[in-house]
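Residues per chain are reported as follows:
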Amino acid sequence: MPREVVATSPNHLEMRNYEDRPLRANEILLRSRLTAEKHGTALAFYRGISPFQRKAYDAKSRLFVEKETNPFPMHVGNMTVGVVAAVGEKVTNIKIGERVYGYLPARETHLISEDRVEIAPAEMTDEELVCIDPATVALMAVREGNARIGDNVAVFGLGAIGLMAVQLAKLSGSMLVIGFEPIEKRRSLGKKYGADALLDPRICDVGLETRRLANGEGVDIAIDTSGDYQALHQAIRATRYGGTVVPVSWYHGEPRGLDLAEEWHFNRQTLVSGARVESEPYREHPRWNRERIYQTVVQLFRRRQLSAQEMLDPIVKFDQVVEGYRMISEEPGRTIKLGISYD
């Protein structure tokens, strides 16, 4: 009997058995090979601190409103790669044995309509496929910051999105890319991905050190992928007069460490929200939409201009997934991006 991982309450996961119902005409049966998690968003739900656990987002007014809600039990896992084991009689675009990928949770099988997944390009590894999601967010961030040839860029937080942002900033022609990250393992990978300088924000004055590296003026663009309010404050301090700050991650909790009475008040910077891929239409609509963002990322991977090498760390067996989530929540220094293998 196949199994799935379900969060039943804050900080608590359970492995559950389930049965697949009969296949419908427009559906496929997928057997999972690799799943990756999205640390920032997933951990907020896993820990019970997401705004969706006390409010609801009203799409019409575009406001969060008070509402009694309980998201548990809920599935975990962001993107999954698998192999098609069966197809319904009306499925036309996917064949048995094909490798496919999509936004699917951590479970051993998926019984879904064929439009929920994409056929995997032969040149792309499973690891690259499950890293498409952070790459799309990073691409949005770099484009929203309008990084161009000769610009200096700082990236705060070198998780999967930040590491992708480092690569994309270099591809955009940035002269100097500085990565700020307290975890040594992530700084080391940032170096392999092309960052020109890597600093631990716990042991330096971020604003002064950035100016020392960036012609005494600070960076043109600061991208904060950390989800930490104090990092956002330091991103503002690192940015030059008239520069651009792009907050990317989903912030949670009280905004401790963010002081808008300091540099923000004096340096006439632009704060750009909207690196969220799902928030359409984009500022560059109709030229750019979600489909174009995803196609661009896939092409960058296929051309070997974007890498996910060593980004999935740790990769745990499906039987060890509960311990894997405990690790990324309680021991982030040991992790970059959680992968789950079904072999």
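Structure's up top.
Bear in mind the structure is a predicted one, so any value in this text is a computation, not a measurement. (Residues numbered from 1 in each chain as written. Predicted model: local features only at pLDDT ≥ 70, side-chain atom pairs only at ≥ 80, totals over all residues. Heavy atoms only, no water.)

Trainee: Looking at this model, I keep getting lost on the overall build of the chain. Mind explaining?
Mentor: Within the chain, the secondary structure is distributed over ten helices and 18 strands. Relative to the globule expectation of 20 Å for 343 residues, the C-alpha radius of gyration of the chain, 21 Å, shows essentially globular dimensions. By its C-alpha atoms, the chain is 65 × 45 × 40 Å across when sized along the principal axes. When the accessible area of the chain is evaluated, it comes to approximately 16,700 Å², of which 48% is carbon and sulfur surface. The centroid of the 45 positive side-chain charges in the chain is displaced by 3 Å from the centroid of its 47 negative side-chain charges. (Helix = DSSP H or I, 4+ residues; strand = E, 2+ residues; numbered from the N terminus. Rg over C-alpha atoms; globule rule 2.2 N^0.38 Å. Areas by Shrake-Rupley, 256 points an atom, 1.4 Å probe, with all protein chains shown as cover. Lys, Arg positive; Asp, Glu negative; His and termini not counted. Charge placed at Lys NZ, Arg CZ, Asp CG, Glu CD.)

Trainee: Would you mind going over the pattern of salt bridges with me for this structure?
Mentor: When charged atoms on two side chains of opposite charge get close, those side chains can pair. Applying the stated criterion to the full structure yields 30 salt bridges. We note a salt bridge from Glu284 to Arg143, for which the minimum N-O separation is 2.8 Å. Taken together, the residues span a long stretch of sequence, with Glu284 in the loop between strand E16 (270–271) and helix H9 (290–302) and Arg143 in helix H3 (residues 132–144) at a distance of 141 residues. The exposure class assigned to Arg143 is partly exposed, which follows from its relative accessible area of 30%. Overlapping salt bridges, with partners in common, bring together Glu323, Arg326, Glu330, Glu331 and Arg334 in one network. (Salt bridge = Lys/Arg side-chain N within 4 Å of Asp/Glu carboxyl O. Buried < 20%, exposed > 50% of the residue type's maximum accessible area, 1.4 Å probe, protein only.)

Trainee: Is there a simple way to explain the sheet that holds E16 in this structure?
Mentor: Backbone hydrogen bonds are what pair the strands of a sheet, in a parallel or an antiparallel way. Read from one edge to the other, the open sheet built from six strands follows the order E13-E12-E11-E14-E15-E16, with strand pairing classed as parallel. For this open sheet the edge positions go to strand E13 (197–199) and E16, each flanked by a neighbour on one side alone. Sheet topology places strand E12 (residues 176–180) next to E13; three bridges connect them, and they run parallel. If you follow Gly179 over to E13, its bridge partner there is Leu198. Packed onto the sheet, helix H7 (residues 229–238) meets strand E11 (152–156), strand E14 (219–224) and strand E15 (239–247) and runs at close to 150° relative to E15. (Pairing = 2+ DSSP bridges. Contact = heavy atoms within 4.5 Å. Axes fitted to C-alpha atoms, helices over the stretch in contact; angles between N-to-C directions.)

Trainee: Is there a simple way to explain the layout of surface pockets in this structure?
Mentor: Over the atoms rolls a probe the size of a water molecule, and its path tells where empty space is left. Empty space within the second largest pocket amounts to approximately 210 Å³. Leu139, Val142, Arg143, Asn146, Ala147, Leu168, Leu171, Ser172, Glu284, Trp288, Thr296 and Leu300 are the residues that line the second largest pocket. Counting only elements with at least two residues in the lining of the second largest pocket, the list comes to H3, helix H4 (160–171) and H9. If you tally residues by element for the lining of the second largest pocket, the top one is H3, at three residues. (1 Å grid on protein atoms, 1.4 Å probe; cavity = no way out; pocket = protein on both sides within 12 Å on 5 of 7 lines; lining within 4 Å. Points joined across faces, edges and corners; volume = space filled by probe spheres on them.)

Trainee: Is there a simple way to explain the nonpolar core in this structure?
Mentor: Inside soluble globular proteins, nonpolar side chains tend to come together where they are buried. Of all hydrophobic cores here, the largest spans 54 residues; its most connected members are Ile132, Met164 and Phe301. Taken together, the elements giving at least two residues each to this core come down to strand E3 (27–36), strand E7 (79–87), helix H2 (126–130), H3, E11, H4, E14 and H9. Setting aside chain neighbours within four positions, we find Met164 in contact with Cys131, Pro134, Ala135, Ala138, Phe301, Leu306, Ser307, Ala308 and Met311. (Core = buried A, V, L, I, M, F, W, Y, C linked by side-chain atoms within 4.5 Å.)

Trainee: Can you help me understand a nonpolar patch on the surface in this one?
Mentor: Together, Phe52, Tyr57, Phe64 and Trp250 give the surface a local cluster of nonpolar side chains, amounting to about 350 Å² of exposed area. Locating Tyr57 in the fold gives a position in strand E4 (residues 55–58). A relative accessible area of 38% means that Tyr57 is categorised as partly exposed. (Patch = residues over 30% accessible without salt bridge, like charges linked within 9 Å, V, L, I, M, F, W, Y side chains within 5 Å.)

Trainee: Before we go on, may I ask you to explain helix H10 (residues 321–330) in this structure?
Mentor: One full turn of an α-helix is made of 3.6 residues, so residues set three or four places apart face in the same direction. Looking at H10, one finds that the buried residues are Val321, Gly324, Tyr325, Met327, Ile328 and Ser329. Contacts from the buried residues of H10 go to strand E1 (3–9), strand E2 (12–17), helix H1 (39–47), strand E17 (312–317) and strand E18 (337–341).

Trainee: Would you take a moment to explain the sheet that holds E1 for this structure?
Mentor: If you walk across this open sheet you meet the three strands as E2-E1-E6, and the pairing is antiparallel. What marks the edges here is a single partner per strand, and that holds for E2 and strand E6 (74–75). Examined bridge by bridge, E1 and E6 share two bridges and lie antiparallel to one another. Paired with Val6 across the two strands is His75, which belongs to E6.

Trainee: Any chance you could explain unusual backbone geometry here in plain terms?
Mentor: For residues besides glycine, phi is generally negative; the peptide bonds are generally trans as well. Following His285, the chain continues into Pro286 via a peptide bond in cis, with omega recorded as 5°. Mapping Pro286 onto the fold places it in the loop between E16 and H9. Here the residue pair Asp313 and Pro314 is connected by a cis peptide bond, since its omega of 10° sits within 30 degrees of zero. Its identity as a non-glycine residue notwithstanding, Asn11 has a phi of 65°, on the positive side. Inspection of the secondary structure puts Asn11 in the loop between E1 and E2. Assessed through its relative accessible area of 44%, Asn11 is described here as partly exposed. Despite not being glycine, Arg268 has its phi angle at roughly 45°, a positive value. One can find Arg268 in the loop between helix H8 (263–266) and E16.

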